[in-house]
Amino acid sequence: MKIWIFAEQTEGKLAGVTLELLGKARELALQSAEAEISAVLLGEGVEGLSATLFNYGARRVYLADDARLCLYQHTTYAPVLTALAKKEKPDIFLFGATALGSELAPTVAAQLDTGIAAHCVELRINEDGLLVSVVPAFGGKILGDILCPVHKPQMASIKAGIFPKPEPAPVNGEIVGIDLTLLEGVADGIKALRICREEPKGLPLEEAEVVVCGGWGLGSAENWRLVEELAVLLGGAAACTRPVIDEGWAPGEHIMIGTSGKSVRPKVYLGFGISGATHHVCGMKDTGMIISVNKDEAASIFEVSDYAVAGDLNKILPLLIEKIKENRGIAPK
Amino acid sequence: MALNIAVCLKPVPDPKNYDRVTIDPIRKTVVRTGIPTIINPVDKNALEAALKLKEKFGGKVVVISMAPPDAADKLREALAIGADEAYLLSDRAFAGADTWATSYTLAAGLKKIGLAFDIVFCGVESADGATAQVSSQLGEWLGVPHLWNVFHLEAEQEDKYFLKTKIENGFMEWEAKAPLVLAVSRELNKPRYTSAIGIIKAKNKKLEVWGEAELSADPDKIGLKGSPTQPGAIFTPDLKRRGEIISGDAEEIVGAVCEKLRAGGVPV
């Protein structure tokens, strides 16, 4: 069985989800006969990234290293992947459901006339040797198995943070160049001009071992600022649910946890004023320890928490900050 | 030149109520009884983008949906908001379609309308299925370039656009020429409300319902039967934890929370 992953990179840096996909590909390989894992790497000046892909278990890297692939656009990337897949006939082709992958993966699927399961939360091989993709619907309240029994490759996209970061598993792999003659005929309806970075301040949410999360129950922008302050004190990152962004308290969707936001798996999650809607819970369910503060004892967040703190966050949040500062000898403002 | 603009709308169960969605234990089907149907929220941003372009350059805005017959109400709502014409693709044969078959059917509908569309707007994803795949695949069926996650749009001329798409930790800037399929995010604009006069006007606007026969679509590419992906078992995830209750006055609670944080390896 040929298992492929799309090795996503921008500006010469591999997307974190790429290694997560390789980790899952290795698991799938163990469930199937004579499986071989390959990564497909597109870009300019990216050959050096092959070493990382070999180190995490790719036996082969299909490489297209070309100036015309410097900036991603589906009008160049998709035809290259489609032509390669038509030639090599992979059985499985996995993509990260990043901003780029969310556009590229369904485009390639359409060009290959095959099926793709979006935002999978689990993948396995069944007794017939087919890929079973588990996908969420209704904000994660319902999960369903998706199969692609006839068409090949069986495609799936997976968000960052859904699968754990794997340990290295070095392989002595080979690089295979991709024929790019087809790029000469690409239409120019869209043209990528540049990438602009907006570096978020503080620790990126995905890398934080402690996440302090605020929900609509915070009630005010002042309380949101306390969430941010507590996150810094704990050496973690602040996160929120959708209403906190809608209210204009939190800076934006890059710190939103949930099925339409980010999936995180920190050691500790500390939530304030969170009701526990499924679409949020799905983004943090793999956390080590979940502590939730909510004044409503019937809040559904308590059912999915290790510790349910039934109390008034207006008192608890400032007092917790004060206590930690006191413990550390930081003078109150 | 005036613009021909299409907007794809999806009627969805109101996402505020998804915690009430359950599975029928015997029939193994999704039960969403009593949950009202609304226009997928971000599709209203797509409609707003279309109306803004029409206001600037003139032209026509049509809305299209593949949905059960009762979705006509939602299309009438879009007409009240300001769309000019509506097309509902509705047939039992379309049911159970995955994104490949859905986007094929929508493309067939757009071709049947017979206008050369300059822009087709979609929302980035639907609230219920949330695959975020239909816009890109629709672009492929129509054979035109597409962009997903557009949060900024400037129309320099009728057929020339400057766009920004959101990516991780930043955004990309694009130059694009019509025809295009654009999937827009909530950040693009603030959708307008329905006005009383809009509701009155909507009553006389064109709303057509087309089934498989009218579409002259390939029967092997529609509905569940035409879908490359096939659904298997459905289930509800078990996310329950022990939920040990911590209570008391604020002082006691903070003491207990600090203790749990320390136990979790967080120095406090």
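Rules used in this analysis
- Residues numbered from 1 in each chain as written.
- Chains lettered and ligands numbered in written order.
- Predicted model: local features only at pLDDT ≥ 70, side-chain atom pairs only at ≥ 80, totals over all residues.
- Helix = DSSP H or I, 4+ residues; strand = E, 2+ residues; numbered from the N terminus.
- Buried ≥ 20, exposed ≤ 12 C-beta atoms within 10 Å, placed from the backbone.
- Contact = placed C-beta atoms within 7 Å.
- Pairing = 2+ DSSP bridges.
- Nonpolar A, V, L, I, M, F, W, Y, C, P; charged D, E, K, R; others polar.
- Axes fitted to C-alpha atoms, helices over the stretch in contact; angles between N-to-C directions.
- Core = buried A, V, L, I, M, F, W, Y, C linked by C-beta atoms within 7 Å.
- Domains from an automatic or database assignment.
- Expected span 1.5 Å × (residues − 1).
- Parallel < 35°, antiparallel > 145°, perpendicular 65-115°, else oblique.
- Left-handed = near helix turned anticlockwise from the far one by under 90°.
- pLDDT = per-residue confidence, 0-100.

What to know about the overall build of chain A
A count of helical and extended segments in chain A gives eight helices and 18 strands. The proportion of buried residues among the 333 residues of chain A is 55%. Within chain A, residue pairs in contact and separated by at least 24 positions form 64% of the contacts whose partners lie at least 6 positions apart.

Brief notes about the overall build of chain B
Of the regular secondary structure elements, chain B holds seven helices and 15 strands. Taking the principal axes of its C-alpha atoms as reference, chain B extends roughly 70 × 50 × 40 Å. Looking at chain B as a whole, 49% of its 268 residues are labelled buried. Pairs at least 24 residues apart make up 72% of the contacts formed inside chain B by residues separated by at least 6 positions.

Quick notes on the pairing of strand β6 (residues 92-96) of chain A
Looking along a regular strand, one sees the side chains alternate between the two faces of the sheet. Residue and element names in this part refer to chain A. Of all five residues making up β6, five are buried, and the element is well covered by its neighbours. Neither face of β6 is left uncovered, since the one carrying I92, L94 and G96 and the one carrying F93 and F95 both have all their residues buried. Relative to β6, strand β1 (residues 2-7) runs parallel, the two sharing three bridges. The partner of I5 across the bridge, within β6, is L94. For β6 and strand β11 (residues 154-158), the ladder comprises five bridges, and the chain directions are parallel. In the sheet register, L94 faces β11, and the bridge partner there is A156.

Details of the interface of chain A and chain B
When the parts come together, some accessible area is lost, and that loss is often what is quoted as the size of the interface. Between chain A and chain B, the contact holds 78 residues from the first and 70 residues from the second. Here the side of chain A that touches chain B takes nine residues from helix α4 (residues 99-111) of chain A, the largest share from any one element. Counted by class, the side of chain A that touches chain B contains 42 nonpolar, 22 polar and 14 charged residues. Where strand β18 (residues 307-310) of chain A and strand β15 (residues 244-246) of chain B come together, three bridges link them in parallel fashion.

A few points about the sheet that holds strand β12 (residues 180-184) of chain B
Strands sit in the order β13(A)-β11(B)-β10(B)-β9(B)-β12(B)-β8(B)-β1(B)-β6(B)-β7(B)-β13(B) across an open sheet of 10 strands; the sheet is mixed. With partners counted over all chains shown, the strands left at the sheet margins are β13 (190-197) of chain A together with β13 (206-210) of chain B, one partner each. Adjacent strand axes in the sheet meet at a mean angle of 25° when their direction is disregarded. With five bridges joining them, strand β6 (residues 59-66) of chain B and strand β7 (residues 85-89) of chain B adopt parallel strand pairing.

Some points on the nonpolar core
Counting residues in each nonpolar core, the largest one holds 148 residues, and the members touching the most others are L41 of chain A together with V7 and F121 of chain B. Residues V227, L234, A238 and I274 of chain A belong to the second largest nonpolar core, which totals 55 residues.

Remarks on the domain arrangement of chain A
All names here are of chain A. You can read the domains of chain A as domain 1 (2-185) and domain 2 (205-327). Summarising the inter-unit geometry, the C-alpha centres of domain 1 and domain 2 are found 33 Å apart. Listed per partner, the contact involves nine residues of domain 1 and 10 residues of domain 2. Grouping the amino acids of the side of domain 1 that touches domain 2 by side-chain chemistry returns three nonpolar, four polar and two charged.

Focus on α4 of chain A
Residues spaced three or four apart along an α-helix point in a common direction, a consequence of the helix completing one turn every 3.6 residues. All names here are of chain A. Taking 1.5 Å of rise per residue, the 13 residues of α4 would be expected to cover 18 Å, and the 19 Å separating its terminal C-alpha atoms lies within 8% of that figure. In terms of residue burial, α4 counts as a mostly covered element, since 12 of its 13 residues are buried. The complete set of buried residues in α4 reads A99, L100, G101, S102, E103, L104, A105, P106, T107, V108, A109 and A110. Where α4 terminates, the next one or two residues include D113, which has phi positive at roughly 50°.

Remarks on unusual backbone geometry
In this structure, P153 of chain A follows K152 of chain A across a cis peptide bond, with omega equal to -5°. You can see P153 of chain A is positioned in the loop between β10 (142-147) and β11. Going from A178 of chain B to P179 of chain B, the amide bond is cis rather than trans, its omega being 0°. Inspection of the secondary structure assignment puts P179 of chain B in the loop between β11 (170-177) and β12. The residue E11 of chain A is not glycine, and still its phi comes out positive at about 50°. Relative to the helices and strands, E11 of chain A resides in the loop between β2 (9-10) and β3 (13-14). Accessibility expressed as a C-beta count within 10 Å gives 12 for E11 of chain A, which makes it exposed. The backbone of F138 of chain A shows a phi angle near 50°, a positive value even though the residue is not glycine. Tracing the sequence through the fold places F138 of chain A in the loop between β9 (131-137) and β10. Owing to 27 C-beta atoms within 10 Å, F138 of chain A belongs among the buried residues under this scheme.

A short note on the packing of helix α5 (residues 221-233) of chain A against helix α8 (residues 313-327) of chain A
Residues and elements named next belong to chain A. Here α5 crosses α8 at 30°, and the two axes come no closer than 10 Å. What the angle tells us is that α5 and α8 run roughly parallel. When you trace α5 past α8, the crossing you get is left-handed. Contacts from N223, L226, E229, L230 and L233 in α5 reach L313, L317, P318, L320, I321 and I324 in α8.

Remarks on the confidence of the model for chain B
Scored by pLDDT, chain B comes out at a mean of 95, with 100% of its residues at no less than 70. Scoring the predicted complex yields pTM 0.91 and, for the interface, ipTM 0.94.

Overview of the packing of helix α3 (residues 74-88) of chain A against α4 of chain A
Residue and element names in this part refer to chain A. In the contact formed by α3 and α4, the axes pass within 9 Å of each other and the chain directions differ by 50°. If you check the angle between α3 and α4, you find them oblique. As α3 packs across α4, the resulting crossing turns out to be right-handed. Between α3 and α4, the residues in contact are H74, Y77, A78, L81 and T82 and E103, L104, T107, V108 and Q111, respectively. For the contact of α3 with α4, the class distribution of residues is five nonpolar, four polar and one charged.

Comments concerning the environment of S216 of chain B
Along the chain, S216 of chain B turns up in the loop between α6 (212-215) and β14 (230-235). Along the chain, S216 of chain B and I35 of chain B lie 181 residues apart, while their C-alpha atoms are 34 Å from each other.

Looking at the sheet that holds β11 of chain A
All names here are of chain A. Spatially, β7-β11-β6-β1-β4-β5-β12 is the arrangement adopted by the seven strands of the open sheet, whose pairing is parallel. Every interior strand has two partners, whereas the edge strands, β7 (116-117) and β12 (174-177), have only one. Here six bridges tie strand β4 (residues 36-43) to strand β5 (residues 60-65), and the two strands are oriented parallel to one another. Residue pairing for β5: S38 is matched across the bridge by R60. Strand contacts of α4: β1, β6, β7 and β11, with the helix running at about 170° to β11, the strand carrying the most contacts.

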